[in-house]
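Chain by chain, the residues run as shown.
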Amino acid sequence: PKFPRYARVNLLKLKPEEAVRETKEECKLDEHIPYLLNFGVEVDLHDHDLVSNGSLILQDKSSCFPAHILVSALSPYLRKEAVVDLIDATAAPGNK
């Protein structure tokens, strides 16, 4: 079976809505993670300009959940302008 391609938006460089417009590919924002783009199975983004410049990070949806859940859990306790450094200390390889 083929699975959809996902790309996480680097929020330091681009807003999710801008990424949808700038990819010029058929995509939509994910229903669970608001800064994750969902592309079709046939889309290849490896040479896309937004990937090359770090605005989009090719990443599986499941790899986005730990950081998203952690930030969601912490957000009620943080000031809007707060800066938080998180360290991914898991042993699994790959992007988190």
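For the structure given in this document, a descriptive report is provided here. None of these values were measured; they are calculated from a predicted model.

Some thoughts on the pairing of strand β1 (residues 5–9)
On a regular strand, each side chain points to the face opposite its neighbour's, so the side chains alternate between the two faces of the sheet.
Here comes step 1: Inspection of the sheet shows β1 paired to strand β3 (residues 36–39) by four bridges, in the antiparallel sense. Looking at β3, one finds that Arg 5 is bridged to Phe 39.
Here comes step 2: In this structure, β1 lies alongside strand β4 (residues 56–58), joined through three bridges in antiparallel fashion. Within β4, the position partnered with Val 9 by the bridge is Leu 56.

Observations regarding the environment of Cys 64
Here comes step 1: With respect to the helices and strands, Cys 64 occurs in helix α3 (residues 61–74).
Here comes step 2: With 36 residues separating them in the primary sequence, Cys 64 and Lys 28 have C-alpha atoms 16 Å apart.
Here comes step 3: The contacts of Cys 64, once residues within four sequence positions are left out, are Arg 8, Ile 33, Tyr 35, Leu 36 and Gln 59.

Focus on the pattern of salt bridges
Pairs can form between side chains of opposite charge once their charged atoms are near each other.
Here comes step 1: Per the stated rule, a full pass over the model turns up two salt bridges.
Here comes step 2: In this structure, Lys 2 and Glu 42 form a salt bridge, with 3.6 Å as the shortest nitrogen-oxygen distance. Here Lys 2, found in the segment before β1, pairs with Glu 42, found in the loop between β3 and α2 (49–52); they are 40 residues apart in sequence, far enough to count as distant. For the residue pair Lys 2 and Glu 42, the accessibility class agrees, reading exposed in each case.
Here comes step 3: Between Lys 61 and Asp 30 there is a salt bridge, with the nearest N and O atoms lying 3.0 Å from each other. On the criterion of sequence distance, the pair formed by Lys 61 in helix α3 and Asp 30 in the loop between β2 (27–29) and β3 is long-range, its members being 31 residues apart. Here Lys 61 and Asp 30 have matching classes, each one buried.

Some details on the nonpolar core
Here comes step 1: Membership of the largest hydrophobic core comes to 18 residues, with the highest contact counts inside it found for Ala 7, Val 9, Ala 19, Leu 37, Phe 39, Leu 45 and Leu 56.
Here comes step 2: When residues of this core are traced back to their parent elements, those giving at least two are β1, β3, α2 and β4.
Here comes step 3: When neighbours within four sequence positions are excluded, Ala 19 is seen to be in contact with Val 9, Leu 14, Leu 37, Leu 50 and Leu 56.

What to know about helix α1 (residues 16–23)
Here comes step 1: Taken as a whole, α1 has its buried residues at Pro 16, Ala 19 and Thr 23. Taken down its axis, α1 places every buried residue within 50° of arc, on the same side.
Here comes step 2: Those residues of α1 that are buried lie in contact with β1, β2, β3, α2 and β4.
Here comes step 3: With its phi angle positive at about 55°, Lys 24 sits one or two positions after the end of α1.

Thresholds, definitions, all that
- Residues numbered from 1 in each chain as written.
- Predicted model: local features only at pLDDT ≥ 70, side-chain atom pairs only at ≥ 80, totals over all residues.
- Heavy atoms only, no water.
- Pairing = 2+ DSSP bridges.
- Helix = DSSP H or I, 4+ residues; strand = E, 2+ residues; numbered from the N terminus.
- Contact = heavy atoms within 4.5 Å.
- Salt bridge = Lys/Arg side-chain N within 4 Å of Asp/Glu carboxyl O.
- Buried < 20%, exposed > 50% of the residue type's maximum accessible area, 1.4 Å probe, protein only.
- Core = buried A, V, L, I, M, F, W, Y, C linked by side-chain atoms within 4.5 Å.
- Arc of directions from axis to C-beta.

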